[in-house]
Amino acid sequence: MIAYLGRRITALLIILFGSSFILYNLAAISGDPTEALRGSTDPKAQAQLLALTRTLNLNVPPPARYFLWLKRIFSGFNFGNTRDGHPVSVDLSAAIPTTIRLILLATIIAIVLGVAFGIVSALRQYSRFDYGMTFVAFLMYSLPIFWVAVLLKQYLAISFNNFLAEVTIQPGWILALSVVSGVFWASLISGDRKRVWKIFGIAGGISALILTVLSITKWFANPGLGPIVLFGLSVGVAYGITFLSTGLGNKAALKSAQVMVVIALVLYYPNQYIFNHAGGVQTILVQLLVTLGIGYAVSRYFAKIDRRPVARTAMITGAVIGLLILVDKLMQTWKPYLATDAVNGRPVPTISESNSLLPAGNFWFTFLDTLLHLFLPTIALSLISFAGYIRYSRGTLLEVMNQDYIRTARAKGLTERTVIMRHAFRNTLIPLTTIIVVDFAAIIGGAIITERVFGWRGMGTLFNKAISDFDLNLLMGVFFVTATLAVLANLAADLIYSALDPRIRVVGS
Amino acid sequence: MTLISRFKRKKSDEVISGDIANREVEGLSQGQIVRRRFLRHRGAMISLIVLGAVILFVFSALDLTIGFIKYPGWWKYSIVDQPDIRTNGCPPGLGGCPTLSVNPFGAFGLGDHPFGQDDIGRDYFALVMRGAQRSILVMFIIGIVGGAIGTTIGAISGFYRGVVDSVLMRFTDFIITIPSIIIGSVIGYHFGNLGVTFLAFYLGLFAWTGLSRLVRGEFLTLREREFVDAAKVAGASNRRIIFKHILPNAVGVIIVSVTLIMSGAILLETALSYLGFGVVAPDVSLGLLISQYQDSFTTRPWLFWYPGIFIILIALSVNFIGDGLRDAFDPRQRRRISRKEKAAERKVAAEKQG
């Protein structure tokens, strides 16, 4: 294992070296930083020219200058200074967390949703849903991200903020949204014509009802789930996850999931107390760990044999219900957050990565604020890779379903759920790890544009500055970070690949 | 006994689909099968027509000079004309609103300024047409340059293997690690003022990495096949084997990935122009138009919508054509046999037996 890791890391270091060498030379020969001074008639220009040449080592040809740069990197990660005198490493360390936050969330959302939709699309091959998803995926491939971003700003931010002033949903909107929901569910479940119409009616009706209730109660002004709705949702989650994870026939798993619901509801009010008095990232992580621990203990109690799937079911159920409780807490924060002077009733921002006017010290305000600022950029950024994941997971699952082992699994009488979730789905995940890497480079490129559109002060801003100022040190710093991220993603994908696929052996030979 | 006979008579759905599909390709060459599959792909055919129509429409609208031939465009304005800003018929306080009307119950007409006018009165239709011309030009140049380089590098490294292969593939890895937007910006910022053809050419020099990997893989498998051995035994030179025997078999992979490069290229060009590192004023590009007028979206949305719609139209059709080609070249791909066709087949089979 260690030998394998060593070999991989050596290869990746060589790649980093090669690509930075190419980029450095490319950037160095594509322009001249002294151009502005050369044309100037200022008597001081000559002296400035000499000083600039000396500080940037311009008298050394680019390939050799690269090694001067590399030498500084090796002697303690010294990225040099920008043209206006800041140390590059300071600028970078301020920008990295912002960009990583954006990229990470967008990637996770794109993977989860893309794989889910891709798999349903493959299971319903040649259905209306499948054709619809194919079209949607191609449409997203073809959308320029900066164009979508402007639309999102207008329709999801400005219009939604205007809507919050009134909070009642217009009847036309209720009708339109219900029809959309009906079409979605009808095409998803599909069947013969009568069934499709029935599902369309039911789904559309339920959506219309929910929207009307939300509108009448002015839910959007003061949202929240409350223990009762939370209970209903949790029961749904428990059954859904048990169905996907082990099948409802597994009584031990179903019972553990149900007990998890009860425990979560019993702990609802104590949890609120903890949230209010000790809110923080660490607290949430501790709560997550405790939830997983309880899940494990519950599964130990119910399952005497074959404990792993039961434990998995209980733990996932617990985590998802915990997430619901967290969402509920954020919804409770919504109304006071809206009322603060910094927000002034217009919560969805179109610009920058945080609201600097917000009173500091309230963890929930900061948390909600960060999420709201992430909202639009994350949607814009995940749209493109979302399309990729839909297409790829659909294709892979279709291929897997044609394999002999799927036929064998069916022939020995396994239920369709087991065949899909245990045999097909897991094998679909293996090749997916390889495109995560390719996608990561694309998403970094997308982040540069997204940050520009939404006015984030991250790597994208630095990059823009580096190009327009002709600042080689800054450019190489930005590249170093993005390339390292891409290379690390590559390494992680390799390791996951070898962990998922037993045919790939990780040995040091 | 009855069970077995029933089993024999009733063919399964899968077998029937296979029968139909096999009968359809009987006696056809590979090229004919591919062509037939492609023509049957509805999305791809529609896209092909749309793309063709867009290209004709866009390139015929404005003046065009190729060598000595001067073609006068059918549109009355050029991108430099500055007619007076139209105000009658527009909402109060807003000048230069679009005159395009596609009301299905009323008049259909382009009007004087179908896409409106920009700040200084330039006709936006002419600007969008020029931008679309630029985007299509960039798309084809990057596709051709990237495709040529990628095929060459992939073919050499897959055919000769060994040291040549390692060197070329490491080089490919180096370039693949640099996000294309970074390479594009570095090149675009400094070569953008040389004109759009140069810009596209330089961008094409770095657009081949994915293609070369795929072509290499294809060559690695094809070179082990019997027909290559046969050619070798017959004394064919390496050159002949590559061009006459392997390349025709790899053409599917190449065409499909070139369409992918092309659809990526159009988005790359617009993104670079948007960032200000691509096509620069006074030249026009769709990305540049969007970046210039994105702030006027709330007041004069037409300045924002039309360039975007053309980008999507072009990129979407190229993507669908690529999908159709991929399906057509995929030997495992089987056409979907509809229920009707299956029923008809069953009926024929039953009549034969009865």
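A. A look at the overall build of chain B. Helix and strand counts for chain B come out as 14 helices and four strands. Per-residue burial for chain B yields a buried fraction of 46% across its 354 residues. Look at the contacts in chain B between residues 6 or more apart in sequence, and 69% of them connect residues 24 or more apart. Here chain B displays about 18,400 Å² of accessible surface, and carbon together with sulfur accounts for 62% of that area.

B. Focus on the overall build of chain A. Across its full length, chain A holds 19 helices and zero strands. Principal axes of the C-alpha set define a box for chain A whose edges measure 85 × 65 × 50 Å. Classification of the 509 residues of chain A by burial places 45% in the buried group. Within chain A, contacts between residues separated by at least 24 positions form 75% of all contacts whose residues are at least 6 apart in sequence. Looking at chain A as shown, the accessible area adds up to about 25,800 Å², and 69% of this sits on carbon and sulfur atoms. Side-chain charges of chain A comprise 41 positive and 22 negative groups, with the mean position of each set lying 11 Å from the other.

C. Main features of the packing of aromatic side chains. Residue and element names in this part refer to chain B. Tallying each qualifying case throughout the model produces 46 aromatic pairs over all chains. Centre to centre, the rings of W74 and F125 are 6.1 Å apart; their planes meet at 50°, and the pair counts as tilted. Taken together, the positions of W74 in the loop between β2 (69-71) and β3 (101-102) and F125 in helix α5 (residues 124-160) put the pair 51 residues apart, joining distant regions of the chain. Judged by its relative accessible area of 38%, W74 is partly exposed. Ring-pair connections join several aromatic residues into one group, and the members of that group are F57, W74, W75, F115, F125, Y306 and F310. The side chain of R223 reaches across the aromatic face of F159, ending 5.4 Å from its centre.

D. View of the environment of L211 of chain A. Residue and element names in this part refer to chain A. Within the secondary structure, L211 sits in helix α9 (residues 193-216). When the C-alpha positions of L211 and I169 are compared, they lie 7.7 Å apart, and in sequence the two are 42 residues distant. Excluding its chain neighbours within four sequence positions, the residues that come into contact with L211 are I169, I174, L177 and S178.

E. Spatial organisation of the pattern of salt bridges. Applying the stated criterion to the full structure yields eleven salt bridges over all chains. We note a salt bridge from R161 of chain B to E224 of chain B, for which the minimum N-O separation is 3.2 Å. Here the residue R161 of chain B occupies a position in the loop between α5 and α6 (162-177), and E224 of chain B occupies one in the loop between α9 (209-222) and α10 (226-233), the gap between them amounting to 63 residues. Accessibility expressed as a relative area gives 46% for E224 of chain B, which makes it partly exposed. Among the ionic contacts, a cluster of salt bridges with common partners joins R391 of chain A together with D323 and R326 of chain B.

F. View of the nonpolar core. With 173 residues, the main nonpolar core has F146 and I449 of chain A together with V128, M129, I181 and F310 of chain B as its most contacted residues. Top contributing element to this core by residue count: helix α11 (residues 238-275) of chain B, with 17 residues. Those residues in contact with M129 of chain B that lie beyond four places of it in its chain are F57, V58, A61, L62, F115 and F310 of chain B.

G. Structural detail: the domain arrangement of chain A. All names here are of chain A. Taken as a whole, chain A is organised into domain 1 (1-29 + 89-125 + 379-509), domain 2 (32-78) and domain 3 (168-217). Measuring from the centre of the C-alpha atoms in domain 1 to the corresponding centre in domain 2 gives 36 Å. A buried area of about 1,100 Å², summed over both sides, lies between domain 1 and domain 2, and 73% of it is on carbon and sulfur atoms. Taken together, domain 1 and domain 2 are joined by zero salt bridges. Joining domain 1 to domain 2, the criterion identifies two residue pairs in polar contact (both at pLDDT 80 or more). A total of seven residues in the side of domain 1 that touches domain 2 trace back to one element, the largest contributor, which is helix α1 (residues 2-29). Considered class by class, the residues forming the side of domain 1 that touches domain 2 number nine nonpolar, three polar and no charged.

H. Expanded view of the confidence of the model for chain B. Overall, the prediction assigns chain B a mean pLDDT of 82, with 88% of residues at 70 or greater. If you check the scores for this complex, the pTM reads 0.83 and the ipTM reads 0.82.

I. Inspection of the interface of chain A and chain B at higher detail. In this assembly, 44 residues from chain A lie in contact with 43 residues from chain B. Note on chain A versus chain B: buried area summed over both sides is about 3,900 Å², and carbon and sulfur give 79% of it. Residue R391 of chain A is joined to D323 of chain B by a salt bridge in which the shortest nitrogen-to-oxygen separation is 3.4 Å. Summed over the shared surface of chain A and chain B, the number is five residue pairs in polar contact (both at pLDDT 80 or more). Those elements giving two or more residues to the side of chain A that touches chain B turn out to be α1, α6 (128-141), α7 (145-166), α15 (363-401), α17 (416-454), α18 (459-469) and α19 (472-500) of chain A. Tallying contributions element by element places α1 of chain A first for the side of chain A that touches chain B, with eight residues.

J. Unusual backbone geometry, seen in detail. Residue and element names in this part refer to chain A. Of note, the phi angle at Y126 is positive, near 65°, even though the residue is not glycine. Phi at F470 is positive, roughly 55°, even though this residue is not glycine. Within the element layout of this structure, F470 appears in the loop between α18 and α19.

K. Region of interest: helix α7 (residues 180-191) of chain B. Taking 1.5 Å of rise per residue, the twelve residues of α7 of chain B would be expected to cover 16 Å, and the 16 Å separating its terminal C-alpha atoms lies within 8% of that figure. Of all twelve residues that make up α7 of chain B, nine are buried, and the element is covered over most of its length.

L. Inspection of the side chain of D91 of chain A at higher detail. All names here are of chain A. Looking at the element boundaries, D91 is found in helix α5 (residues 88-123). Buried and without a salt bridge, D91 has K465 as its closest oppositely charged side chain, separated by 4.3 Å. Residues in contact with D91, not counting those within four places in the same chain, are T82, H86, L462 and K465.

M. Layout of a nonpolar patch on the surface. All names here are of chain A. A cluster of nonpolar side chains, I100, L104, L105, I108, I109, V112 and L113, forms an exposed patch at the surface whose accessible area comes to about 550 Å². For I108, the position within the fold is in helix α5. In this structure I108 comes out as partly exposed when scored by relative accessible area, which is 47%.

N. How the structure looks around the packing of α10 of chain B against α11 of chain B. Residue and element names in this part refer to chain B. At their nearest, the axes of α10 and α11 sit 11 Å apart, and the two run at 170° to each other. What the angle tells us is that α10 and α11 run roughly antiparallel. Residues F227, V228, A231 and K232 of α10 form the contact with α11, whose own contacting residues are I241, H245, I246 and N249. Of the residues that constitute the contact of α10 with α11, the class distribution is five nonpolar, two polar and one charged.

Criteria and cut-off values
- Residues numbered from 1 in each chain as written.
- Chains lettered and ligands numbered in written order.
- Predicted model: local features only at pLDDT ≥ 70, side-chain atom pairs only at ≥ 80, totals over all residues.
- Heavy atoms only, no water.
- Helix = DSSP H or I, 4+ residues; strand = E, 2+ residues; numbered from the N terminus.
- Buried < 20%, exposed > 50% of the residue type's maximum accessible area, 1.4 Å probe, protein only.
- Contact = heavy atoms within 4.5 Å.
- Areas by Shrake-Rupley, 256 points an atom, 1.4 Å probe, with all protein chains shown as cover.
- Lys, Arg positive; Asp, Glu negative; His and termini not counted.
- Charge placed at Lys NZ, Arg CZ, Asp CG, Glu CD.
- Phe/Tyr/Trp six-rings, centres within 6.5 Å; stacked < 30°, edge-to-face > 60°.
- Lys NZ or Arg CZ within 6 Å of the ring centre and 35° of its normal.
- Salt bridge = Lys/Arg side-chain N within 4 Å of Asp/Glu carboxyl O.
- Core = buried A, V, L, I, M, F, W, Y, C linked by side-chain atoms within 4.5 Å.
- Domains from an automatic or database assignment.
- Buried area = accessible area lost by both parts, 1.4 Å probe.
- Polar contact = N/O pair within 3.5 Å; in protein donor to acceptor, adjacent residues only side chain to side chain.
- Nonpolar A, V, L, I, M, F, W, Y, C, P; charged D, E, K, R; others polar.
- pLDDT = per-residue confidence, 0-100.
- Expected span 1.5 Å × (residues − 1).
- Patch = residues over 30% accessible without salt bridge, like charges linked within 9 Å, V, L, I, M, F, W, Y side chains within 5 Å.
- Axes fitted to C-alpha atoms, helices over the stretch in contact; angles between N-to-C directions.
- Parallel < 35°, antiparallel > 145°, perpendicular 65-115°, else oblique.

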